[in-house]
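Each chain, written out:
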Amino acid sequence: MKFTFTDKKVNLPKSVHNYAEKKVGKLDRYFKTEAEAKLVFSVEKDRNKVELTIRSGSTILRVAESTSDMFASIDAAVTSMERQLRKHKTRLEKRLRQGAFAPQPEVVEEETSFVPEPEESEYQVVRTKKFPIKPMTVDEAILQMDLLGHNFFAFKDEDGGAFAVVYRRNDGGYGLIEDEG
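The numbering scheme is per chain: residues are counted from 1 as the chain's sequence reads. Confidence filtering applies because this is a predicted model: local features only for residues at pLDDT of at least 70, side-chain atom pairs given and counted only at 80 or more, and all residues used for totals across whole chains, interfaces and linings. Side-chain metrics in this entry use all non-hydrogen atoms of the structure; hydrogen atoms and water are not considered.

Participant: Help me understand helix H2 (residues 70-87) in this model?
Facilitator: An α-helical turn contains 3.6 residues, so any two residues separated by three or four positions project in the same direction. Under the 1.5 Å per step criterion, the end-to-end length of H2 is 25 Å for 18 residues, consistent within 8% with the ideal 26 Å. Remark: exposure states derive from per-residue accessible area (1.4 Å probe, protein chains only) relative to the maximum for the residue type, with buried under 20%, exposed over 50%, and partly exposed in between. Numbered from the N terminus, helices here are DSSP runs of H or I no shorter than four residues, and strands are runs of E no shorter than two. Buried within H2 we find Met70, Ser73, Ile74, Ala76, Ala77, Val78, Ser80, Met81 and Leu85. Expected helix span is taken as 1.5 Å per residue step, with the number of steps being one fewer than the number of residues.

Written as structure tokens, this is what we have:
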């Protein structure tokens, strides 16, 4: 597994990076190809935050955890990532390494939560809509979205002809997602 560490507004000793590499490295058994792990460490309001993003092929997994201790935040992020992998186990098995979810003879660390994991359910499409995607500007798409009262709107960008989506952000602004191609 390849690692990238980013320290935001904090100077961490090398031992923290080594600890994170050791803990996150255990997740490598889930992936067929060599995965890339990106860890961002930061301190916000006396909370030690760890953001863990793992990219393997076209699969991207991300978790963020915040505790009063950086080592505990790393442990929590790894636990959350494993929980996310187990939760989506059946959907990910095609993309991940064969036998990744087979029980390992390793020593299993105690989990701090006594909450049972919820049963995994299949994704259920409850409604399908078909509509022509018309070329328009970003401003026209935002206007159309507002007129419909939706939180997002898909359209074809008039300038480049690429597929794009505008959406309403929590802060009241608007976001744009564009196709690279």
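Read on, since the account is not over.
Participant: Sorry, what's going on with the layout of surface pockets here?
Facilitator: Considering only enclosed or pocket space, the second largest pocket measures out at about 320 Å³ in volume. Site definitions follow a grid-based scheme: protein atoms alone, a 1 Å grid, a 1.4 Å probe that fits but cannot get out for cavities, and for pockets an open set with protein on both sides within 12 Å along at least five of seven lines, plus lining residues having an atom within 4 Å of a point. Along the walls of the second largest pocket sit Lys129, Phe131, Pro132, Ile133, Lys134, Met136, Leu148, His150, Phe152, Phe153, Ala154 and Phe155, which together make up its complete lining. At four residues, strand S6 (residues 152-157) tops the list of elements feeding residues into the lining of the second largest pocket. Grid points are joined across faces, edges and corners, and a volume is the space filled by probe spheres set on the points.

Participant: What exactly am I supposed to notice about the sheet that holds strand S2 (residues 36-44) here?
Facilitator: Sheet strands pair by backbone hydrogen bonding; their relative direction is either parallel or antiparallel. The mixed open sheet is built from four strands, whose spatial order is S1-S2-S3-S4. The sheet terminates laterally at strand S1 (2-8) and strand S4 (59-67), the two strands that pair on one side only. Strand-to-strand twist across the sheet, computed as the mean angle between neighbouring axes with direction ignored, equals 15 degrees. Two strands pair under a simple rule: DSSP has to find at least two bridges between them. Both S1 and S2 contribute to a ladder of seven bridges, which runs parallel. Considered in S2, the bridge of Lys8 is made with Ser42. Contacting S1, S2 and strand S3 (47-56), helix H1 (residues 14-25) crosses the sheet at an angle of about 135 degrees to S1. Think of each axis as a best-fit line through the C-alpha atoms, taken over the contacting stretch in the case of a helix, with angles from 0 to 180 degrees between the N-to-C directions. The contact criterion used is simple: two residues touch if any of their non-hydrogen atoms lie within 4.5 Å.

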